[in-house]
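Residues per chain are reported as follows:
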Amino acid sequence: MAKRVAQRVEPMATDTTKDYTVVIGLEVHVQLLTKTKVFCGCVNLFNPENPNVQTCPVCLGMPGVLPVMNREAFRLALKTALALNCRIARFTKWDRKQYYYPDLPKNYQISQYDLPFSHDGWLEVASDEEFSEKRRIGIIRVHLEEDAGKNLHDETGRGTDSRVDLNRAGTPLLEIVSKPDIRSPAEARRYLEELKLLLTYLGVSDCNMQEGSLRCDANINLHLQEGDETIATPIVEVKNLNSFRAVELALQYEVGRQLDEFRSTGHRLGDVPKQTRGWDEKREITFGQRGKEEASDYRYFPDPDLVPVTVSDKLLEEIRGELCELPAARRERFRQQYGLSQYDASVIIDQGRRFADYFERVAQECEDGKQAANWVTQDVLREMNQRKVDIDKFPISADDLAFLLKKISARELTTKSARDVFAELLAGADSGTPPSAGRIDQIINERGLALVSDAGQLEGVITAVIARNEKAANDFRNGKQAAIGRLIGEVMREVKGADPKLVRQMLIEKIVGSEEA
Amino acid sequence: MEKTLTREEVEKVAVLARLKLSDTELDRFTAQLGKVLEYVAILNEVNTDDVEPMAHAVEMKNVFRDDVPTPSLSREQALANAPKTDGKFFLVPQILEEV
């Protein structure tokens, strides 16, 4: 499978004598949605327009200050780890990771080294874009650390100073490290999509990549199969990945580049030091960056200012109780409870929690899950995309949509007429008339869309139409099926909104029945 | 006993700490730091076979603060000690990203 993917995306990899597997592990950093920073009371807020207004002696790294752990940050971290099926350490501590960079005022980052608060979890992702199967991607560890500030580099090339904004320094940050279980660039993207969905469901992070609240580094190499021998190429870490699309493209590029490099140099894993490469979004290539310092060079040691944390059964149960229904479970329940296809359930769930809530409300109110799914995944989603609004800003409420769909189930409205009403509700909303149940009834009345399903009301018209069209009725009696169409048309013209199915059925009964009589 | 500290090790640590040491300083610190390590190495004489490794020197655990904002410094205060600023940002010599 890996081979097919790689060849499709990287045509230069044409050497068909080799088979290979792509091996990818992702390191994701997410900022937690706390009110304040992880070790001090400065607000945790994305605020690039006002640099250096959210700092204090603690996050500026002044001597003699004392960091104190934010309880909420630790709870959100536990919640995330539980949702990722991790084992929770009963004893955890924080360490200092030493390195020098202008965005790190203390010259060390408070992180977790040998005793992270959680480890050994997993996340299930779809095996392909059609959601045919699930693949379980292992999670090595999740740990809680502090974010650094932000450097703004001079891009004029004139060698002017870099600027540093420390608003972000000390923001609670989760590092989520996957096992090298990911087997294609597309799977890496799907893993990230599923992870983001989970985190936003939990409400632990807004995962806004533009604002840097979710960032991703990828480790990738190839396992080449040459005869009986498996050869691993050197592992490369790719950074500066600013979107899920960038992750996929950069990894696709790396597959081809590593194949080429192996052919020209023959370098295997261990022959050269681990390389860090950046992603150039404009040129769509990766490029070499500074050599990575060895892990031991960070000279980790326990932070003497922060005391360890122990996690009790009681706390774990409490946090577990706060977990909402997670996306994977909800996807499965939608399939079973509302009879949705895997695909429809996934489309709805992948739009996020509020969208799924909207669907579920419509489905429950109109009592037809499939109908609700059709409308929500097609009509609502299409209009949302066109208007570039999310479901919270969509003009038609779930209750109003359910009110409309119920009329289809009750055979008071055809699906086609319901679409007209839907379009008119939106047009009305655009010109200042808010949609409502009353407005729906008003449109139906004004436009005469109500389906007449009252047999009594149709009876007289049908008798008259048959009497006026003896020839057509006879033709039908003699097996000319098409003749009925003309009769239906005539009835429909006389009774606006007549239910065509019912009209057809009554016409046939009348014509065939009168012959028998 | 603990092996003696080498000059190369001191050199490496100096690089990591962004310290520029002269040859005489390197010799002096290698000898001095070596003595410190030798002294601390006395601890190796204690039998610790049945002692659980200590993760932290303080016996205290679970100290938290509530997630409640406290006032931050003003920007002027935050930048007050910086060697160079433009009134909004800390300014540092250009950071080179690419090799």
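Residues numbered from 1 in each chain as written. Chains lettered and ligands numbered in written order. Predicted model: local features only at pLDDT ≥ 70, side-chain atom pairs only at ≥ 80, totals over all residues. Heavy atoms only, no water.

J.: Give a description of the nonpolar core that names residues and reports values.
T.: Residue and element names in this part refer to chain A. Core analysis: the largest hydrophobic core is formed by 76 residues, its most contacted members being Leu-26, Val-28, Leu-84, Phe-117, Leu-144, Ile-176 and Tyr-191. Considering each element in turn, this core owes the most residues, nine residues, to helix α4 (residues 244-265). Residues within four places of Val-28 in sequence aside, it is in contact with Leu-174, Glu-175, Ile-176, Tyr-191, Leu-192, Leu-195, Leu-214, Arg-215 and Cys-216. In terms of nonpolar packing, the next biggest core, distinct from the first, is built from 42 residues, Phe-334, Trp-375, Leu-413 and Ile-440 among them. (Core = buried A, V, L, I, M, F, W, Y, C linked by side-chain atoms within 4.5 Å. Buried < 20%, exposed > 50% of the residue type's maximum accessible area, 1.4 Å probe, protein only. Helix = DSSP H or I, 4+ residues; strand = E, 2+ residues; numbered from the N terminus. Contact = heavy atoms within 4.5 Å.)

J.: Outline the layout of surface pockets, supporting the account with residue identities and numerical values.
T.: Residue and element names in this part refer to chain A. Its boundaries defined by the atoms lining it, the second largest pocket holds a volume of some 650 Å³. Lining the second largest pocket are 29 residues; nearest its centre among them are Glu-193, Leu-197, Asp-350, Gln-351 and Gly-352. Elements supplying a minimum of two residues to the lining of the second largest pocket: β7 (118-126), α3 (185-202), α6 (327-338), α7 (342-350) and α8 (353-366). Among the elements that make up the lining of the second largest pocket, the one with the highest residue count is α3 (seven residues). For the lining of the second largest pocket, the per-class residue count stands at eight nonpolar, six polar and 15 charged. In this structure, the lining of the second largest pocket is formed jointly by two domains, domain 1 (19-310) and domain 2 (325-429), each of which donates at least three residues. (1 Å grid on protein atoms, 1.4 Å probe; cavity = no way out; pocket = protein on both sides within 12 Å on 5 of 7 lines; lining within 4 Å. Points joined across faces, edges and corners; volume = space filled by probe spheres on them. Nonpolar A, V, L, I, M, F, W, Y, C, P; charged D, E, K, R; others polar. Domains from an automatic or database assignment.)

J.: Which residues make up the interface of chain B and chain A, and what values do they have?
T.: Residue-level contacts link 37 residues of chain B with 60 residues of chain A. In this assembly, chain B packs against chain A so that about 4,200 Å² is buried in total across both faces, 57% of it on carbon and sulfur atoms. Counting the surface chain B buries against chain A, the share from its top three residues, Phe-64, Arg-65 and Asp-67 of chain B, is 18%. Here chain B is connected to chain A by three salt bridges. Residue Lys-84 of chain B is joined to Asp-161 of chain A by a salt bridge in which the shortest nitrogen-to-oxygen separation is 2.6 Å. The interface formed by chain B and chain A contains 22 residue pairs in polar contact (both at pLDDT 80 or more). Sorting the residues of the side of chain B that touches chain A by element identifies α1 (7-16), β1 (64-65), α3 (75-79) and β2 (90-92) of chain B as the ones contributing at least two each. A breakdown of the residues in the side of chain B that touches chain A according to their chemical character gives 19 nonpolar, six polar and 12 charged. (Buried area = accessible area lost by both parts, 1.4 Å probe. Salt bridge = Lys/Arg side-chain N within 4 Å of Asp/Glu carboxyl O. Polar contact = N/O pair within 3.5 Å; in protein donor to acceptor, adjacent residues only side chain to side chain.)

J.: Any details on the packing of helix α14 (residues 470-477) of chain A against helix α15 (residues 483-494) of chain A? Residues and values, ideally.
T.: All names here are of chain A. Relative orientation of the contacting elements α14 and α15 amounts to 140°, with a least axis distance of 8 Å. The orientation of α14 with respect to α15, classified from their angle, is oblique. Crossing angle aside, the handedness with which α14 passes α15 is left-handed. Facing α14, whose interface residues are Ala-472, Ala-473, Asp-475 and Phe-476, α15 presents Ala-483, Ile-484 and Leu-487. Considered class by class, the residues forming the contact of α14 with α15 number six nonpolar, no polar and one charged. (Axes fitted to C-alpha atoms, helices over the stretch in contact; angles between N-to-C directions. Parallel < 35°, antiparallel > 145°, perpendicular 65-115°, else oblique. Left-handed = near helix turned anticlockwise from the far one by under 90°.)

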